[in-house]
Amino acid sequence: MDDKLLEIQGRIQKAAEAAGRAPEDIQLIGVSKTVDAERINAMIDRGLARIGENRVQELLSKLPELHPVEVHLIGQLQSNKVHQIVDKVALIHSLDRLSLMEEIQRQAAKRDIVMPVLIEINIGREQTKGGLMEEDLPAFLDRVVDCPNLEVRGLMCIAPPVADPEAARPYFTRMRELAEGIRGQHDSRIQMAHLSMGMSHDFEAAIREGATMVRVGRALFGARA
Ligand SMILES: *Cc1c(COP(=O)(O)O)cnc(C)c1O
């Protein structure tokens, strides 16, 4: 595990440079699901600034033990759990339905905060995955105007599993095009500054297509049990 963080940071930098982008524009989110607090802390102490967790229960149980770190909620989120995390995470990556939008709005308003979110797109149109279909995005964005305590920062996707990361590239391209199409057309609270895409096996391809956040688990922390 020793040099994994440096190794991934180096790969991010290379991919950014190959794409003519500034490495600082790409945030590494260390996906720490199933990893215990001690190992996460070791990575934080080495310089990991952001972690991503999938499950609310797991996140809440580890959080009190963690060293200071920015926490992102990246997994599917049940509406009845929103109140438990809305003031504990920096960004929710997985907004994918109206009922969830309304609950985040309600819970953020209660605490008088503005909750940053990404909208998850089911870019591969996979039955097994969450996320909005891209054609539903414009109507979904129109509803954000009714949610003053919610701020859309961009889009997120999980590309379909493919053997060759280059085969995932067209999905990332499509995500970039979607974000570009939205930019400037909507309410000022809808920003498209961020594209959260790319995981252990395909983050370099995602960076080539404009990812600003890559969510890396196994390549950083090792294989999950
Ligand atoms: C697990 C997970 C990741 C990280 O996957 P790895 O293949 O371990 O890098 C990224 N994003 C989401 C939403 C995940 O659930």
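All values reported here derive from a predicted model rather than from experimental measurement.

## Some remarks on the site of the ligand
Looking at the ligand, the residues that line it are V31, K33, N54, I74, I158, M199, S200, R215, V216, G217, R218 and R224. When the ligand sits alone it has 390 Å² of accessible area, and the protein chains cover 95% of it.

## Re the UniProt feature "modified residue: N6-(pyridoxal phosphate)lysine" (unreviewed entry) in the chain
According to UniProt, the "modified residue: N6-(pyridoxal phosphate)lysine" (unreviewed entry) feature falls on K33. By the element assignment, K33 lies in the loop between β1 (27-31) and α2 (37-46). Since its relative accessible area comes to 22%, K33 is described here as partly exposed. Dropping the residues within four chain positions of it, K33 is found in contact with G52, E53, N54, E58, K62 and R224.

## Brief notes about α2
Among all positions of α2, only A37, I40, N41, M43 and I44 are buried. For α2, the arc enclosing every buried residue in end-on projection is 160°, short of the 170-degree limit, so these residues lie on one face. Residues of α2 that are exposed and point more than 90 degrees away from the buried face comprise E38 and D45. Of the surrounding secondary structure, the elements contacted by the buried residues of α2 are α1 (4-18), β2 (50-53), α3 (56-62) and α9 (218-221). Among the residues trailing α2, G47 stands out with phi positive, at a value near 130°.

## What about the packing of helix α5 (residues 98-110) against helix α6 (residues 137-144)?
Their axes nearest at 11 Å, the elements α5 and α6 cross at an angle of 20°. As summarised for this structure, α5 and α6 are arranged roughly parallel, according to the angle between their axes. For the pair α5 and α6, the crossing hand works out as right-handed. In contact with L98, M101 and E102 of α5, α6 contributes F140, R143 and V144. Taken together, the residues that form the contact of α5 with α6 break down as four nonpolar, no polar and two charged.

What counts and how
Along each chain, numbering runs from 1 in the same order as the chain's sequence is written. The predicted origin of the model limits local features to residues at a pLDDT of at least 70 and limits the giving and counting of side-chain atom pairs to 80 or more, whereas totals for whole chains, interfaces and linings rest on all residues. The basis for the side-chain values is all heavy atoms of the structure; hydrogens and waters are excluded. Residues are classed as near a molecule or strand on a simple rule: at least one heavy atom within 4 Å of it. Each accessible area is a Shrake-Rupley estimate made with a 1.4 Å probe; only the visible protein chains count as cover when residues are assessed. UniProt positions are given in the numbering used here, feature names are shortened, and annotations may be inferred rather than shown by experiment. Secondary structure elements are taken from DSSP: a helix is a run of H or I of four residues or more, a strand is a run of E of two residues or more, and numbering for both begins at the N terminus. Only protein chains enter the accessibility calculation, which uses a 1.4 Å probe. A residue is then buried if its area is under 20% of the maximum for its type, exposed if over 50%, and partly exposed in between. It only takes one pair of heavy atoms within 4.5 Å for two residues to be counted as in contact. By definition, the arc is the one covered by directions from the helix axis to the C-beta atoms. Lines fitted to C-alpha atoms define the axes here, with helix axes fitted over just the stretch in contact, and angles between the N-to-C directions of these axes take values from 0 to 180 degrees. Oblique is the label for any angle not under 35 degrees, not over 145, and not in the 65 to 115 range, which are roughly parallel, roughly antiparallel and roughly perpendicular in turn. A clockwise turn of the near helix away from the far one marks a right-handed crossing, whereas an anticlockwise turn of less than a right angle marks a left-handed crossing. Just so you know the grouping, Ala, Val, Leu, Ile, Met, Phe, Trp, Tyr, Cys and Pro go in nonpolar, Asp, Glu, Lys and Arg go in charged, and all remaining residues, Gly too, go in polar.

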